[in-house]
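A structural walkthrough
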Amino acid sequence: MITEGDRFAGLREQGEAGGMAEQRPADARPQPSAVAPRPLLLRILDVPVHWAWLDPLAGPVRDLVHRVEPRWLADLLHGSPIGHPLHPILAQVVVGSWTSSALVDALTLTGLVPDDLEEGAEAASTTLAATGLAAALPTIASGWTDWSDLHEDQQRLGLVHAAGNYAATAMVALSLVQRWRGRRTSGRLWSMAALTTATAGAALGGHLAYRWAAGASHAEHVPHVAPEGWYAVGAWDDLEVDSPAKAQLGDVPVVVVRTHTGVTVLADSCSHLAAPLSGGRVVRERGEDCLVCPWHGSTFRLADGSVAHGPATAPQPVLASRVEPDGTVLARVVELPGVAASPGLDSRAG
Ligand code: FES
């Protein structure tokens, strides 16, 4: 049996015989795999990610969302036509309105609003709370639409985020009922409880978006990390028409698509959740050649990488490409204004 010590003794001998001993770091010993300690807040926010007992609930809800929503509505609620997730925009209206309402209520309850302005403050607070409640309906719809195309761990977090926001919505509704019944103090207290709950729900939503990258583009990095210059990514004769092929541009995976009209090279990592688009299929959508993602069906126009259908909202980076006389397909990253390709990063660092 070969022990860890034997293996390292062997490596030492090989290194010394091959003249590598001088290059080996003094502490080049195997390190046990380790999990970096995480701040308490992060550990708390991550708790729902481990709640596998939520999965039996997630499956039917996901299927229901997919079944009841026509595709045009799903695209709209994802935000694909505007190129930006719709949910956080709508959520701003909800949380902003409820924050303002609760702030006015807090000022009133603490006596900071003069008596002659109290009626006006009450009307303003009620209007703000009702505005947020009205905006909550499309916000909830867009949230479920985005949620239905997430990974399992993201969905667990999303379910708890939704539960918190439902509780906040119910509290705002209760606050309005209490005000309508003339119980203003109770209505104001419910308003502040709603804001506290909505803040916790929003924290989970932010965690889902930033730490778990739901809603972020997973192809944005390509112009930053791809090397500049032309690279061979295939041979024209080897490419089958309408059959996406995977290739590399330096360290960056790309997908090469030959169609009846030419060849297109795109970043392989889907902008939605990083699925390899080379596993997708080519379709004609309103007369345009498009590439469909194998995971959630985002559909990108080959002409410019724009989104024909979500859940993606960010376009797929398209590379410049050309075919040499000998049939070699070349590709080059298209730099965004002010964004240098990889070698430029070195010069910036220097
Ligand atoms: S990874 Fe979800 S549509 Fe591509």
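Residues numbered from 1 in each chain as written. Predicted model: local features only at pLDDT ≥ 70, side-chain atom pairs only at ≥ 80, totals over all residues.

**A short note on unusual backbone geometry**
Residue P311 is reached from G310 by a cis peptide bond, and omega for that bond is 20°. Relative to the helices and strands, P311 is located in the loop between β8 (307-309) and β9 (318-323). Its identity as a non-glycine residue notwithstanding, D242 has a phi of 60°, on the positive side. Here D242 lies in the loop between β1 (231-235) and β2 (245-249). Despite not being glycine, R286 has its phi angle at roughly 50°, a positive value. (Helix = DSSP H or I, 4+ residues; strand = E, 2+ residues; numbered from the N terminus.)

**Section: the packing of helix α5 (residues 86-109) against helix α6 (residues 118-147)**
In the contact formed by α5 and α6, the axes pass within 7 Å of each other and the chain directions differ by 155°. In terms of orientation, α5 and α6 fall into the roughly antiparallel class. For the pair α5 and α6, the crossing hand works out as left-handed. Taken together, the residues of the contact of α5 with α6 break down into 14 nonpolar, 11 polar and three charged. (Axes fitted to C-alpha atoms, helices over the stretch in contact; angles between N-to-C directions. Parallel < 35°, antiparallel > 145°, perpendicular 65-115°, else oblique. Left-handed = near helix turned anticlockwise from the far one by under 90°. Nonpolar A, V, L, I, M, F, W, Y, C, P; charged D, E, K, R; others polar.)

**Digging into α5**
Relative to the 34 Å expected for 24 residues at 1.5 Å per residue, α5 spans 35 Å between its end C-alpha atoms, a close match to the ideal helical length. By the burial criterion, the buried members of α5 are L86, H87, L90, A91, V94, V95, S97, W98, S101, A102, V104 and D105. Residues of α5 that are buried sit in contact with α4 (71-78), α6, α7 (152-180) and α8 (184-210). G111 sits one or two residues past α5 and shows a positive phi near 80°. (Expected span 1.5 Å × (residues − 1). Buried ≥ 20, exposed ≤ 12 C-beta atoms within 10 Å, placed from the backbone. Contact = placed C-beta atoms within 7 Å.)

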